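Read off the chains here:
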Amino acid sequence: MLNSRSYFSIFNNKKTIINLLKLQLRKIAIQPMDEIKFDNLALRTLPIDPVEENYVRTVSGACFSKVKPTPVKNPKLVACSLDALKLIDIDEELAKEKQLAEVFSGNVLLPGMDPAAHCYCGHQFGYFSGQLGDGATMYLGEVINKKNERWELQFKGAGKTPFSRTADGRKVLRSSIREFLCSEAIFYLGIPTTRAGTCVTSDDYVIRDIFYDGNPKRERCTIITRIAQSFIRFGSFEIFKTIDPMTSRKGPSVGRIDILTTLLNYVISTFYPEIQEKHKSNDEDRYAAFFEEIVKRTASLVAHWQCVGWCHGVLNTDNMSIIGVTIDYGPYGFMDRYDPDFICNGSDDSGRYSYKQQPTICKWNCGKLAEALAPLLPIAKSRTILNKFDEEFERVYINKMRQKFGLLQKQLQSDKDLFETFFNTMQETGADFTNSFRALSLIHLPNTKDFEQSIRLFISTILDQCCDAEEWKFLNKSSVDERTFGLLQQLAGTNRSLLSQFGFSPELLENESIKREKAKELEKMTNESKRKDDEKAWRTFLAMYIDRLKKEIDGDVEKLNVERVRIMKQNNPRMVLRNYLAQRAIDQAEKDDYSEVRTLLEELKHPYDGSDQDTIQLPKPDETTTGAEALPPTTDTSQKHATGACLKPTIYESKAPSNASRIRVT
């Protein structure tokens, strides 16, 4: 280390000296993390761009380009997930706020970190977009932890890369908090996902026009640290694509079958070692086994999304993980009220990535991966394998639904009809997706001592999960004015294909027509009339459900019921990361108060916990509440583990307030 005299002899500049001293102090501060072991296999195996300058360009013949994070002013830790950080051997002793802020802002690199931006392409909203790449993210290296597990580290929002196009490579506080929280929320729900270790903000700012409506604002530059076995995605294999007939774009490494082979062999040997070992002597069999496995993993993944009512929002091929985990959290959303046409992305005008479309789109994306692998795996063979997607999705989805409904003794074909009736009833009554499923465990098996009381409690609870008349009218209000709707109908009558140019599709136009008819029917609806209709609908479902539960009884009914409720509560979360909860945390964080981000993270760690439904304890008449509006907006969770079905839920467990449906995420 240079002494102070040496500094002065080299630099006659006070500011430079102070900055160098600060850097030395930062390095001393993070020394305890120096023992983290890096082994950057991806960079040793895959070709690296020979151009070292960091400017926007087409990167051909390479999978990575070396980059450096852009430092930020005064980094501050918003939150960290200790459970995620332990994957890279950072425990409570090392997880000091100042250290985490310096290292995971990109201001100081640990020994062994070797930042690089990954090159990939993608089909975006169905069209091939050519080169995309890590425009706001960068690979930092791969940690081999004390359990001998390999975990890749990645920054998101750390500055420009060759793939930043016209952007600045930065992310802001609101989007970073959303990704940080949802990465961990999805993990604790038991769904495969990338992890988020830290969220660090700063005193640097960028300008963002949130809704692209000409109203830009200054927002803090914020960086999150992401952790996964790999961030390679379907689009990584599309850099070799020939000219697309629709968009006239091609991959930057078109024709480089040698790199395609290297990349595919790297993925299989590193992340699918059992396939590598089983088929090491036959390339085509190995590639076919790999493709079948990723098809099945993807089908299973989207089945789990559907079962918790979660929408990704941007299911482009560049947002599909090659190891079958949830990746890239942008305009995602958990459904509040059940709606199969739910669109979480305000930019998805055509509804391509709506809730009900997700399985179809994921299968379509697997088909695009098959096309990318065609030089090594015959397309006829991969298309045959692709047919297994539907079978795997159905298997995982139905098995999960049986657990959510507590149907553990028998598997009947008619169960699908029961599930469909439940979904239809939720849609018909505007019921909350998460809480309606959770309420099912209130219903005890027939012939148990509390069966009749449990039915009354279920009806009372489920009716409180249905929206009121005014909200129902708002939700069924057409978003298109009368004149525009008439013009769109005329256009559809002459040339339906032109609808897409106006952000519509025949299906969306039909949905608008249905909404208009529905709105007319609802004009005279009152809260009393709606609640009466809702009760009738739910009692119809309930009769069907009770008939099915009778077929479950075999042996000690009380013991069966206890086990059934236990399984149901392990599969029906009491809470999810609703958009309004995330926004509430963001609003506080933008005022430099990060407490709600951290509190919400702690809640999300226990989505299934709580003994709120273990016993039947009906409230007295004067204790009964009539909906979420009667609940105090408290964050106090001290009572949440108490026993008693009449326990008031916390804000995290309550159905969303009526204005939550107006939150728009792009």
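On a predicted model such as this, the values are computed, not experimentally measured, just so you know. (Residues numbered from 1 in each chain as written. Predicted model: local features only at pLDDT ≥ 70, side-chain atom pairs only at ≥ 80, totals over all residues. Heavy atoms only, no water.)

Q: Would you take a moment to explain the overall build of the protein for this structure?
A: Assigned secondary structure in the protein consists of 22 helices and twelve strands. Across the 666 residues in the protein, those meeting the buried criterion constitute 55%. Considering only contacts within the protein whose residues lie at least 6 apart along the sequence, 72% involve residues at least 24 apart. About 29,700 Å² of surface is accessible on the protein, with carbon and sulfur atoms providing 50% of the total. (Helix = DSSP H or I, 4+ residues; strand = E, 2+ residues; numbered from the N terminus. Buried < 20%, exposed > 50% of the residue type's maximum accessible area, 1.4 Å probe, protein only. Contact = heavy atoms within 4.5 Å. Areas by Shrake-Rupley, 256 points an atom, 1.4 Å probe, with all protein chains shown as cover.)

Q: Explain the packing of helix α21 (residues 579-589) against helix α22 (residues 595-604) to me, please; I cannot follow it from the model alone.
A: Helix-helix packing: each pair is described by the crossing angle between the helix axes and the interaxial distance. The interhelical angle for the contact between α21 and α22, taken along N-to-C directions, is 150°, at an axis separation of 7 Å. With respect to their mutual orientation, α21 and α22 come out roughly antiparallel. Judged by residue contacts, Leu581, Ala582, Arg584, Ala585, Gln588 and Ala589 of α21 engage Ser595, Glu596, Val597 and Leu600 from α22. Class assignment of the residues belonging to the contact of α21 with α22 gives a composition of six nonpolar, two polar and two charged. (Axes fitted to C-alpha atoms, helices over the stretch in contact; angles between N-to-C directions. Parallel < 35°, antiparallel > 145°, perpendicular 65-115°, else oblique. Nonpolar A, V, L, I, M, F, W, Y, C, P; charged D, E, K, R; others polar.)

Q: Looking at this structure, how should I read the nonpolar core?
A: Side chains that are nonpolar tend, in soluble globular proteins, to be buried together. With 170 residues, the main nonpolar core has Phe104, Phe237, Phe405 and Trp538 as its most contacted residues. Element by element, the count of residues in this core is highest for helix α9 (residues 283-308), at 13 residues. In contact with Phe237, other than residues within four places in its own chain, are Ile232, Leu260, Leu263, Leu264, Val267, Ile322, Leu369, Ala372 and Leu373. Counting seven residues, the second-largest nonpolar core is a separate cluster that includes Ala492, Phe504, Leu508 and Leu509. (Core = buried A, V, L, I, M, F, W, Y, C linked by side-chain atoms within 4.5 Å.)

Q: Even after reading the chapter, I still don't get helix α10 (residues 358-373), so can you show me in this structure?
A: Because each turn of an α-helix spans 3.6 residues, side chains separated by three or four positions in sequence point in the same direction. Here α10 spans 23 Å end to end across 16 residues, near enough to the 22 Å set by a 1.5 Å rise per residue. In terms of burial, α10 is a largely internal element, twelve of the 16 residues being buried. Of the positions making up α10, those classed as buried are Gln358, Pro359, Ile361, Cys362, Asn365, Cys366, Gly367, Lys368, Leu369, Ala370, Ala372 and Leu373. Those residues of α10 that are buried are in contact with β4 (121-124), α7 (257-271), α9, β11 (310-311), α11 (379-386) and α12 (388-405). (Expected span 1.5 Å × (residues − 1).)

Q: What am I meant to see in the confidence of the model for the protein here?
A: Caution applies to low-pLDDT parts of the model: their predicted coordinates are not meant to be read in detail. Summary statistics for the protein give a mean pLDDT of 89 and a share of 89% for residues scoring 70 or more. Overall, residues 613-647 carries pLDDT values under 50, and its contacts beyond four positions in sequence, including any with other chains, amount to 63 contacts. (pLDDT = per-residue confidence, 0-100.)

Q: What am I meant to see in the packing of aromatic side chains here?
A: Tallied over the full model, the rule gives 28 aromatic pairs. One aromatic cluster in this structure is built from Tyr338, Tyr355, Phe405, Phe419, Phe422, Phe423, Phe433, Phe437, Phe458, Trp538, Phe541 and Tyr545. Against the face of Tyr55 rests Arg57, its NZ or CZ located 4.7 Å from the ring centre. In this structure, Arg218 is placed above the aromatic ring of Tyr205, and the distance from its NZ or CZ to the ring centre is 4.1 Å. (Phe/Tyr/Trp six-rings, centres within 6.5 Å; stacked < 30°, edge-to-face > 60°. Lys NZ or Arg CZ within 6 Å of the ring centre and 35° of its normal.)

Q: Sorry if this is basic, but what is going on with the packing of α10 against α11 here?
A: Remark: α10 packs on α11, axes separated minimally by 9 Å, with the N-to-C direction vectors making an angle of 160°. Judged by the angle between their axes, α10 and α11 are roughly antiparallel. Crossing of α10 over α11 shows right-handed handedness. Seen from α10, the contacting residues are Lys363, Cys366, Gly367, Ala370 and Glu371; seen from α11, they are Ile379, Ser382 and Leu386. Here the contact of α10 with α11 is composed, by residue class, of four nonpolar, two polar and two charged. (Left-handed = near helix turned anticlockwise from the far one by under 90°.)

Q: In this structure, what is going on with the side chain of Arg352? I would like to understand it.
A: Mapped onto the fold, Arg352 is located in the loop between β12 (333-334) and α10. No salt bridge is formed by the buried Arg352; its nearest oppositely charged neighbour, Asp348, is found at 7.1 Å. Reaching out from Arg352, the side chain makes a polar contact with the side chain of Tyr353 at a distance of 3.2 Å. Once you skip the residues sitting within four places of it in the chain, Arg352 turns out to touch Phe125, Gly126, Gln357, Ile361 and Trp364. (Lys, Arg positive; Asp, Glu negative; His and termini not counted. Salt bridge = Lys/Arg side-chain N within 4 Å of Asp/Glu carboxyl O. Polar contact = N/O pair within 3.5 Å; in protein donor to acceptor, adjacent residues only side chain to side chain.)

Q: Mind showing me how you'd approach α7 here?
A: For α7, spanning 15 residues, the distance from its first C-alpha to its last is 21 Å, which sits close to the expected 21 Å at 1.5 Å a residue. Looking only at α7, the buried set comprises Ile259, Leu260, Leu263, Leu264, Tyr266, Val267, Ile268 and Phe271.

Q: Hey, could you run me through empty space enclosed by the protein in this one?
A: Left-over empty space is what a probe sized like a water molecule reveals as it rolls over the atoms. Inspection of the entire model under this criterion finds three cavities of 30 Å³ or more. The wall of the largest cavity is formed by Thr298, Leu301, Trp305, His312, Leu315, Asn319, Met320, Ser321, Gly324, Val325, Thr326 and Ile327. Considering only residue class, the lining of the largest cavity consists of six nonpolar, six polar and no charged. (1 Å grid on protein atoms, 1.4 Å probe; cavity = no way out; pocket = protein on both sides within 12 Å on 5 of 7 lines; lining within 4 Å. Points joined across faces, edges and corners; volume = space filled by probe spheres on them.)

Q: Got a minute to help me understand the pairing of strand β9 (residues 195-208) in this structure?
A: Both faces of the sheet carry side chains from a regular strand, because those side chains alternate between them. With eleven of its 14 residues buried, β9 lies for the most part within the structure. Direction of pairing for strand β2 (residues 76-80) relative to β9: antiparallel, over a ladder of four bridges. If you follow Ala79 over to β9, its bridge partner there is Cys199. The pairing of β9 with strand β10 (residues 217-228) spans ten bridges and is antiparallel. When the sheet's bridge partners are listed, Thr201 is paired in β10 with Thr222. (Pairing = 2+ DSSP bridges.)

Q: Is there a simple way to explain unusual backbone geometry in this structure?
A: Most peptide bonds adopt trans geometry, and most residues besides glycine take a negative phi value. Its identity is not glycine, yet Asn74 carries a phi of approximately 50°, on the positive side. Mapping Asn74 onto the fold places it in the loop between β1 (64-66) and β2. A residue is classified by how much of its surface remains accessible, and Asn74, at 44% relative accessible area, is partly exposed. Phi is positive for Phe125, close to 50°, though the residue is something other than glycine. Looking at where Phe125 falls in the secondary structure, it is placed in the loop between β4 and β5 (127-131). Judged by relative accessible area, Phe125 falls into the partly exposed class, the value being 29%.

Q: Would you take a moment to explain the pattern of salt bridges for this structure?
A: Side chains that differ in charge, positive against negative, can pair when their charged atoms come close. What the rule picks out here adds up to 48 salt bridges. When the shortest N-O distance is used, the salt bridge between Asp168 and Arg208 registers 2.8 Å. Taken together, the residues span a long stretch of sequence, with Asp168 in the loop between β7 (150-156) and β8 (171-172) and Arg208 in strand β9 at a distance of 40 residues. Across the salt bridge formed by Asp390 and Lys363, the nearest N and O atoms sit 2.8 Å from each other. Residue Asp390 is found in helix α12, and its partner Lys363 is found in helix α10; the two are separated by 27 residues along the sequence.

Q: Would you take a moment to explain the environment of Arg566 for this structure?
A: Tracing the chain through its elements places Arg566 in helix α20 (residues 557-571). In this structure the C-alpha to C-alpha distance between Arg566 and Ser441, which are 125 residues apart in sequence, comes to 8.6 Å.

Q: Sorry if this is basic, but what is going on with the environment of Phe64 here?
A: In this structure, Phe64 sits in strand β1. Classification of Phe64 as buried rests on a relative accessible area of 3%. The sequence separation of Phe64 and Met138 amounts to 74 residues, and the corresponding C-alpha distance is 9.6 Å. When neighbours within four sequence positions are excluded, Phe64 is seen to be in contact with Ala42, Leu43, Leu46, Pro47, Ile48, Asp49, Ala116, Ala117, His118 and Tyr139.

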